[in-house]
Amino acid sequence: MHGISCDMDEIICHAREQGIAVIEDCAQAHGALYKGQHVGLLSDIGCFSMQRASTSPRAMADSWGQASEVRCH
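These lines cover the structure that appears in this document, whether it is placed above or below. Given the structure is predicted, the values throughout are model-derived calculations rather than measurements. (Residues numbered from 1 in each chain as written. Predicted model: local features only at pLDDT ≥ 70, side-chain atom pairs only at ≥ 80, totals over all residues. Heavy atoms only, no water.)

### Side note on the overall build of the protein chain
Tallying secondary structure elements over the protein chain gives 2 helices and 5 strands in all. Written out in order from the N terminus, the α and β elements of the protein chain read α-β-β-β-β-α-β. Looking at the 73 residues of the protein chain, the share that counts as buried comes to 22%. Considering only contacts within the protein chain whose residues lie at least 6 apart along the sequence, 40% involve residues at least 24 apart. (Helix = DSSP H or I, 4+ residues; strand = E, 2+ residues; numbered from the N terminus. Buried < 20%, exposed > 50% of the residue type's maximum accessible area, 1.4 Å probe, protein only. Contact = heavy atoms within 4.5 Å.)

### So, the nonpolar core
By size, the foremost hydrophobic cluster in this structure holds 11 residues: Met 8, Ile 12, Ala 15, Val 22, Cys 26, Ala 29, Ala 32, Tyr 34, Val 39, Leu 42 and Phe 48. When residues in this core are grouped by element, the largest group, 3 residues, is from helix α1 (residues 8-18). Ignoring any residue separated from it by four or fewer positions in sequence, one finds Cys 26 in contact with Val 39, Gly 40, Cys 47 and Phe 48. (Core = buried A, V, L, I, M, F, W, Y, C linked by side-chain atoms within 4.5 Å.)

### Overview of the pairing of strand β4 (residues 45-49)
In the case of a regular strand, side chains alternate between the two sheet surfaces. Of the two faces of β4, only one is covered, namely that formed by Gly 46 and Phe 48; the face formed by Ile 45, Cys 47 and Ser 49 stays uncovered. Note: strand β1 (residues 23-25) against β4, 3 bridges, orientation parallel. From the neighbouring strand, Asp 25 faces β4, where its bridge partner is Cys 47. (Pairing = 2+ DSSP bridges.)

### With respect to the pattern of salt bridges
Applying the stated criterion across every chain, the model contains 2 salt bridges. The closest approach of N and O atoms between Arg 16 and Asp 44, which form a salt bridge, is 3.1 Å. One end of the pair, Arg 16, is in helix α1; the other, Asp 44, is in the loop between β3 (37-38) and β4, and 28 residues separate them in sequence. With a relative accessible area of 42%, Arg 16 lands in the partly exposed category. The class for Asp 44 is partly exposed, based on a relative accessible area of 22%. (Salt bridge = Lys/Arg side-chain N within 4 Å of Asp/Glu carboxyl O.)

### Looking at α1
Burial in α1 covers these residues: Met 8, Ile 12 and Ala 15. Down the axis of α1, the sector holding all buried residues measures 65°, keeping them to one side. The outward face of α1, more than 90 degrees from its buried face, is lined by the exposed residues Glu 17 and Gln 18. With its phi angle positive at about 70°, Gly 19 sits one or two positions after the end of α1. (Arc of directions from axis to C-beta.)

### Examining the side chain of Glu 24
Within the fold, Glu 24 resides in strand β1. In this structure Glu 24 comes out as buried when scored by relative accessible area, which is 5%. Polar side-chain contacts of Glu 24 include one of 2.8 Å to the side chain of Ser 43. (Polar contact = N/O pair within 3.5 Å; in protein donor to acceptor, adjacent residues only side chain to side chain.)

Okay, here's the thing in structure tokens:
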């Protein structure tokens, strides 16, 4: 949260071993880096929200259908 990434190397390694696609939730991490690489570019799919940062359940419910971006490769 707030641009702090989890251990993506470990997640991607385990997912690849099992043949599972990895989806990154980068909703509050625009411009964040993980080992020098932008988050959202590490996995198969990266999802970004254009909604202002808020993690309250009410704000998340209110943002349904708001602007977002999905990056795939």
